[in-house]
Amino acid sequence: MHAIRSISAFLIGAILGTAALAEPLAKVNGYPSQPLRFISPFPPGGGNDATTRWVTTKLSDFTGQPAVVDNRGGAGGNIGAKAVVESRADGYTLLTGQVSLMAVNPALYSAPGFDPLKNFVPITQVNAAPLAIVVAASSPFKTFADLAAQAKAEPGKITFATPGNGTLSHLVGAVLAKEKGVPMTHVPYKGAGPALNDLLGKQVDVLITSTASAAGMIQSGQLRALAVTSPRRVGIFAKVPTLEELGLSNATYEDWYGFFAPAGTPPERVKFLHDAITRTLHTPEVTKLVVDGGSEVVANTPQEFSQQLALDIKRWGELVKLSAQSSTDPAVARARFIFHTITTMSTDFDESPHTAWQTRLPHMGKNPAYVGGSAMNPAIVRASTVVFDSTAHQREMRARRGEERIFSYGARGTPTSFALEDAVSELEGAYRTRLLPTGLAAIAMALLSYLKPGDHVLITDSAYQPMRHLTEQFLRPYGIEFSFFAADGSDARAGMRANTRMLYAECPGSLVYEMCDLPALCAMAHAQGAMVMVDNTWGSGVQYRPLTLGADVSVMAATKYLSGHSDVMMGTVATRQEYWQPLAERCDAFGMTVSPDDAWLVLRGVRSLAARLKTHEQHALDVARWLETHPAVVKVYCPALPSHAGHDLWIRDCHGTNGLVSLELPVGTSQQQVDRFIDSLALFGLGASWGGYESLVTPTDMKQARSVTDWSAHGPVVRLHIGLEEPEDLKRDLAQAFSHAGLDKVRAHE
């Protein structure tokens, strides 16, 4: 490994030369033409995050495009890796991998969600970094010998933190405990950042982490390094002994970080990325960052990196299997080398009578000690104030929160709302998502984020009716022009103007579910310099996905199917990457946020979304087909019916239907008859919303709801939402309501 690394570094440095390092690379068939997204599969503050940022600070000098870091922590890095696997193999979404993720996890997890050799293309290894065993500066352990002696004297009492189960840090700690006679209790975290916080807060005794994670705090005097796992002393850790120096044989463990693209990425783009990243690594600024972080620049070729990965997968896979087989602990055998997950915490205040109760009470019960598994659902985190470890930590988090998702203040979101944002982003196929108090608030904030006085927005005639009210109450007074196009999109091109900034669609349309050719509309709008925003409440991200059809922004009322229980108000805005920043900045400026309790309720609803929609679809189609045969019904509006005008587009673009069905009554049906029909229904609640478990009915005024399409020749339209009740009961209820309204003998089709 070291020979490969040193030869590669020497050759690259010699070939490039100092002058060549500053030269931008020529694009490859127009690539790259948009920002590059680097997914760091661990939270901010750890070695993976630090390594990614070392490179992205200068990478744009060689790519001509910004580089954005997207932290996707969880499951030992598996969540972030899977997100890259599921992204387009176009060279715009990359993964920062490391030994634990790419070589250990495939053996540690029965289903990590990816195969490192089949699902990824190696680009280059950034560095080789040993691990450091560190304690807080105030710790009584001055040397590794102090730590080992105490651990042996009181086995299991000392806690060692790691960035997570299955990480290289975890494996090293387990080896120290099981094989080297230093018994400590493991406390896994979701990344090095949270672990460092608790180490400084004296909630754990020791941390085993990458030198990159700990370097800054060691230099500032906050931490003390007791030992490193490298074969020799390195960089700022030159005064820190290696484990082998301390008499522990075969105790050399080096982590590495490197970049990967999804399998299938065009080879010419992989080469471009390799050249750009290695040039970046050899700039004086980035080289210094790497060395100051206690590691060495590698910058090898994709082929060399691939060989190194294969070797590490074999090495660590065998170690994991051997350790699991040799364990006498049933929990270890079952979890395959994940030793007991114990989080033993303590407050900074003891129970001494010298500390007043009024001082102790605010600090009690924040970190309960417990042993066991993990909850199925994320916790509800209610927070306004968020505290930091130091002024430097607070400044760093505030500086980064403009472009990253940082837990810094309740109004900017909590881990609970972040979890829902991630779920919606995955549903929509989006870069990121923002949560708003209502569906209408989501529409309004999106318009406010992208439009300015003098702009023109072209709006579908089938838009949600409160959207029309918004045009008069917001757009017109603020000098934003607007006009409407036919719901099927047939006249949209003619409606475009020189100042058209946005085309706003809703597909299927509100109330009568008109279909439009969204991919064609997006192509037309983009060709004329306009963005496309779509109300996707009908589709819920499961049955219709506008972003995958070419749209730029998708809004939904999470009040409806995402919640599914008629007890939450919420909206979502999901965007492509290039449209994210304006929305995020405007939402932050206006203090737009949601309750963590509401976010948790919607997240609960999302779990059963597909199953509920399937039932809604089955019930709705049963009722719709029955309505088509009823003598009083002129027309049934449901895009899943072959009789629906946009049925072919529904087949092409949608993945099912929901519980919405509207029926048109004959011309001449009186308002009194409509009211009697609705009021006679026993199983349908009279309400304006939909998407819950219950069946609902509401009258419509299509003449008010449409301005481009002439509805004067049509009869009254009633909207139904078919819930989870037995369809036969709903049909009997509808039949008796038709009878009470005197509509049971009307021959609408004659």
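As the structure is a computational prediction, the values presented were derived from the model and not from experiment.

Let us look at the overall build of the protein chain. A tally of regular secondary structure across the protein chain gives 26 helices and 24 strands. Of the contacts made within the protein chain by residues no fewer than 6 positions apart, 76% connect residues no fewer than 24 positions apart.

Attention now goes to the sheet that holds strand S14 (residues 456-460). Strand order in the open sheet formed by seven strands is S13-S19-S18-S17-S16-S14-S15, with mixed pairing between adjacent strands. Each edge of the sheet is formed by a strand with only one pairing partner; in this case those strands are strand S13 (432-436) and strand S15 (481-485). Neighbour-to-neighbour, the strand axes of the sheet open up by a mean angle of 20 degrees, direction not taken into account. By the bridge criterion, five bridges tie S14 to S15 in an arrangement that is parallel. In the sheet register, Ile 459 faces S15, and the bridge partner there is Phe 484.

So, about the state of the cysteines. With the rule as written, the count across this model stands at zero disulfides. Residue Cys 516 stays outside any disulfide, its sulfur separated by 3.7 Å from that of Cys 507, the closest cysteine. Here Cys 654 is not cross-linked by a disulfide; its sulfur's nearest cysteine counterpart is in Cys 507, at 6.3 Å.

What follows deals with the pattern of salt bridges. The tally for this structure, following the rule as stated, stands at 29 salt bridges. Linking Arg 497 and Glu 481 is a salt bridge whose minimum nitrogen-to-oxygen distance equals 2.8 Å. Highlighted residues: Arg 497 in the loop between helix H18 (492-495) and strand S16 (500-506) and Glu 481 in strand S15, separated in sequence by 16 residues. Looking at Glu 481, the relative accessible area reads 33%, which means it is partly exposed. Two residues, Lys 731 and Asp 622, come together in a salt bridge whose shortest N-O distance is 2.9 Å. One end of the pair, Lys 731, is in helix H26 (residues 727-740); the other, Asp 622, is in helix H22 (residues 609-628), and 109 residues separate them in sequence. For Asp 622, a relative accessible area of 28% translates into the label partly exposed. Each of Asp 49, Arg 53, Glu 396 and Arg 400 takes part in a single network of salt bridges with overlapping partners.

Here the focus is the sheet that holds strand S21 (residues 660-664). Strand pairs in the sheet, formed through backbone hydrogen bonds, run parallel or antiparallel to each other. Judged by pairing direction, the sheet is mixed, and its five strands sit side by side in the order S20-S21-S24-S23-S22 without closing on themselves. Edge positions in the sheet fall to strand S20 (635-637) and strand S22 (685-686), since each of these pairs with one other strand and no more. Each of S20, S21 and strand S24 (717-721) touches H22; the most contacted strand, S21, lies at about 10 degrees to it.

Let's shift gears to the packing of aromatic side chains. One pair of aromatic rings is described through two measures. These are the centre distance and the angle between the planes. The final tally for this structure, using the stated rule, is 14 aromatic pairs. Ring centres 6.1 Å apart and planes at 70 degrees place the aromatic pair Phe 120 and Phe 260 in the edge-to-face group. One end of the pair, Phe 120, is in strand S4 (residues 120-136); the other, Phe 260, is in strand S9 (residues 254-262), and 140 residues separate them in sequence. When sorted by exposure, Phe 120 lands in the same class as Phe 260, which is buried. A ring pair is formed by Tyr 450 and Tyr 579, whose centres lie 6.0 Å apart and whose planes are at 75 degrees; its orientation type is edge-to-face. With Tyr 450 in helix H16 (residues 439-450) and Tyr 579 in the loop between strand S19 (571-575) and helix H20 (580-589), this residue pair connects regions lying 129 residues apart in the sequence. Comparing Tyr 450 with Tyr 579 shows no difference in burial state: the two are buried. Three or more aromatic residues joined by ring pairs form one cluster here, namely Phe 114, Phe 120, Trp 256, Phe 260 and Phe 305.

At the junction of Tyr 31 and Pro 32, the peptide bond is cis and its omega measures out at 0 degrees in the coordinates. Looking at the element boundaries, Pro 32 is found in the loop between helix H1 (2-20) and strand S1 (36-40). The residue after Cys 507, namely Pro 508, is reached through a cis peptide bond having omega -10 degrees. Within the element layout of this structure, Pro 508 appears in the loop between S16 and helix H19 (518-527). A positive phi is found at Tyr 513, a non-glycine position, where the angle reads about 60 degrees. Its location among the elements puts Tyr 513 in the loop between S16 and H19.

Moving on, we get to the packing of helix H15 (residues 415-428) against helix H21 (residues 596-607). Angle between the axes and distance between the axes are the two parameters that describe a pair of packed helices. Interaxial distance between H15 and H21 falls to 8 Å at its minimum, and their mutual angle equals 35 degrees. Note on packing geometry: the crossing formed by H15 with H21 is left-handed. Here Thr 416, Ser 417, Ala 419, Leu 420 and Ala 423 of H15 lie close against H21, whose contacting residues are Pro 596, Ala 599, Trp 600, Val 602, Leu 603 and Val 606. Residue composition of the contact of H15 with H21, grouped by class: nine nonpolar, two polar and no charged.

On to the environment of Phe 418, then. Positionally, Phe 418 belongs in helix H15. When the C-alpha positions of Phe 418 and Phe 407 are compared, they lie 9.1 Å apart, and in sequence the two are 11 residues distant. The residues touching Phe 418, leaving out its near neighbours within four places in the chain, are Arg 405, Ile 406, Phe 407, Arg 412 and Gly 413.

Turning our attention to the packing of helix H24 (residues 671-680) against H26. Axis separation between H24 and H26 bottoms out at 8 Å; the angle between their running directions is 145 degrees. Both H24 and H26 take part in a crossing whose hand is right-handed. Between H24 and H26, the contacting residues are Arg 676, Phe 677 and Ser 680 on the first element and Asp 733, Leu 734, Gln 736, Ala 737, Phe 738 and His 740 on the second. Split by residue class, the contact of H24 with H26 holds four nonpolar, three polar and two charged.

Buried residues dominate strand S8 (residues 223-228), accounting for five of its six residues. Judged from the five bridges that link them, S4 and S8 form a sheet pairing that is antiparallel. From the neighbouring strand, Val 135 faces S8, where its bridge partner is Arg 224.

Here the focus is helix H3 (residues 78-85). Residue pairs spaced three or four apart in an α-helix point in one direction, given the helix's 3.6 residues per turn. Of all the residues in H3, the buried ones are Asn 78, Gly 80, Ala 81, Ala 83 and Val 84. Turning to H3, the residues buried within the fold contact S1, strand S3 (93-98), helix H4 (99-108), S4 and S9.

Let's shift gears to the nonpolar core. Looking at soluble globular proteins, one finds that nonpolar side chains tend to be buried together. In this structure, Leu 503 and Leu 627 are the most contacted members of the largest nonpolar core, which totals 83 residues. Of all the elements, H22 adds the most residues to this core, at seven residues. Excluding anything up to four places from it in sequence, Leu 627 contacts Val 633, Val 636, Val 661, Leu 663, Leu 720, Leu 734 and Phe 738. The next biggest cluster of nonpolar side chains, apart from the first, holds 44 residues, and it includes Ile 158, Leu 168, Val 182 and Ile 208.

With that settled, consider the environment of Thr 698. Its place among the elements puts Thr 698 in strand S23 (residues 696-699). Exposure remark for Thr 698: the relative accessible area of 13% places this residue in the buried category. Sequence separation between Thr 698 and Phe 684 is 14 residues; the distance between their C-alpha atoms is 9.3 Å.

Let us look at the confidence of the model for the protein chain. Regions with low pLDDT should not have their predicted coordinates read in detail. In the predicted model, the protein chain carries a mean pLDDT of 86, and 88% of its residues have values of at least 70. Here residues 1-21 is a poorly scored stretch, pLDDT under 50, and it has 33 contacts once near neighbours within four places are set aside; other chains count.

As a further point, take the pairing of S9. The buried fraction of S9 amounts to nine of the nine residues, a majority that puts the element mostly inside the structure. A two-sided burial pattern is seen for S9, the buried positions comprising Glu 254, Trp 256, Gly 258, Phe 260 and Pro 262 on one face and Asp 255, Tyr 257, Phe 259 and Ala 261 on the other. Where S4 meets S9, nine bridges bridge the pair, whose relative direction is antiparallel. Paired with Val 121 across the bridge in S9 is Ala 261.

Attention now goes to the environment of Gln 34. The residue Gln 34 is located in the loop between H1 and S1 in this model. For the pair formed by Gln 34 and Thr 63, sequence separation is 29 residues and the distance between their alpha carbons is 9.9 Å. Excluding anything up to four places from it in sequence, Gln 34 contacts Gln 65 and Tyr 92.

Rules behind the numbers
All residue numbers here refer to positions counted from 1 along the written sequence of the relevant chain. Side-chain atom pairs in this predicted model are given and counted only at pLDDT of 80 or more, local residue features only at pLDDT of at least 70, and totals for whole chains, interfaces and linings cover all residues. To obtain the side-chain values, all non-hydrogen atoms of the structure were included, while hydrogens and water were left out. Strands are runs of DSSP state E lasting at least two residues, helices are runs of H or I lasting at least four, and both sets are numbered from the N terminus onward. The criterion used for residue contact is that any of the two residues' heavy atoms lie within 4.5 Å. Only strands joined by at least two bridges in the DSSP assignment are considered to pair. Simply put, an axis is a line fit to the C-alpha atoms, just over the touching stretch for a helix, and the angle between two N-to-C directions goes from 0 to 180 degrees. Throughout, a disulfide means two cysteine sulfur atoms within 2.5 Å of one another. Salt bridge criterion: a side-chain nitrogen from Lys or Arg within 4 Å of a carboxyl oxygen from Asp or Glu. A 1.4 Å probe rolled over the protein chains alone gives each residue an accessible area, and that area as a share of the maximum for its type sets the label: buried under 20%, exposed over 50%, partly exposed in between. A pair of Phe, Tyr and Trp rings is counted when the ring centres sit within 6.5 Å of each other, with Trp represented by its six-membered ring. The angle between the planes then sorts it: under 30 degrees is stacked, over 60 is edge-to-face, the rest tilted. Should the near helix be turned anticlockwise from the far one by less than a right angle, the crossing is left-handed, and should it be turned clockwise, the crossing is right-handed. Gly is placed with the polar residues, together with every amino acid not listed as nonpolar (Ala, Val, Leu, Ile, Met, Phe, Trp, Tyr, Cys and Pro) or charged (Asp, Glu, Lys and Arg). Among buried residues, the Ala, Val, Leu, Ile, Met, Phe, Trp, Tyr and Cys ones that are joined through side-chain atoms within 4.5 Å form a nonpolar core. By definition, pLDDT measures how confident the predictor is in each residue, and it falls between 0 and 100.

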